[in-house]
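Notes for the structure review
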Amino acid sequence: MPKITPFLWFNDQAEEAMRLYCSIFQNSRILSITPGGPNGKAMTVTCELEGQTVIGLNAGPQFGWLKDTFGLSWQIIPTALTDALGDPDPRKSKRSLDAMLKLKKIDIKTIEAARAG
């Protein structure tokens, strides 16, 4: 059964935030940093906080996530999207991010087409 991986949305401070969170929790570490985000910063920063994987995403101030009845914004992220955003080729990951940000609903075919160029 797949586990849930929380994504935290940031304008452009994901790396700074994730480093802070790792400093707060003793058994924590940065797992990976994916370049290609806004303002020359990381696109994603994946860390492990006390055994829980958490991903910080730098994607700017606008987002199309669902806001539930409690005021919490969230989105279910398909693995195909994280693969596209984390592509080792920064041009492909940037095209994927740009395509995603234009969508109101995640459309994997659109994102894959943008990733392919």
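This report concerns the structure included in the present document. Computed from a predicted structure; not experimentally measured.

Note that strand β2 (residues 28-35) and strand β3 (residues 42-49) share 7 bridges and pair antiparallel. Within the sheet, the bridge partner assigned to Pro 35 lies in β3 and is Ala 42. Between β2 and the antiparallel strand that follows it, β3, lie 6 residues; Gly 36 among them carries a positive phi value of about 110 degrees.

Moving on, we come to unusual backbone geometry. The backbone of Glu 50 sits at a positive phi, close to 50 degrees, despite the residue not being glycine. Structurally, the position occupied by Glu 50 is in the loop between β3 and β4 (52-58). Judged by its relative accessible area of 44%, Glu 50 is partly exposed.

Packing of helix α3 (residues 90-102) against helix α4 (residues 108-116) brings their axes to within 7 Å, and their N-to-C directions diverge by 145 degrees. Between α3 and α4 lies a crossing whose hand is right-handed. Contacts between α3 and α4 involve Lys 92, Arg 95, Ser 96, Ala 99 and Met 100 on the former and, on the latter, Thr 110, Ile 111, Ala 114, Arg 115 and Ala 116. Here the contact of α3 with α4 is built from residues that sort into 5 nonpolar, 2 polar and 3 charged.

Turning to the sheet that holds β2, a few remarks are in order. Whenever strands of a sheet pair, they do so through backbone hydrogen bonds, lying parallel or antiparallel. On the basis of which strands lie adjacent, the open sheet formed by 4 strands has the order β1-β4-β3-β2 and mixed pairing. Two strands lie at the open edges of the sheet, namely β1 (7-10) and β2, each paired on one side alone. On average, adjacent strands in this sheet sit at an angle of 20 degrees to one another, irrespective of strand direction. Relative to β3, helix α1 (residues 14-24) is tilted by about 10 degrees, and along the sheet it contacts β1, β2, β3 and β4.

Here is what the cut-offs are and how they apply
Residues numbered from 1 in each chain as written. Predicted model: local features only at pLDDT ≥ 70, side-chain atom pairs only at ≥ 80, totals over all residues. Heavy atoms only, no water. Pairing = 2+ DSSP bridges. Helix = DSSP H or I, 4+ residues; strand = E, 2+ residues; numbered from the N terminus. Buried < 20%, exposed > 50% of the residue type's maximum accessible area, 1.4 Å probe, protein only. Axes fitted to C-alpha atoms, helices over the stretch in contact; angles between N-to-C directions. Left-handed = near helix turned anticlockwise from the far one by under 90°. Contact = heavy atoms within 4.5 Å. Nonpolar A, V, L, I, M, F, W, Y, C, P; charged D, E, K, R; others polar.

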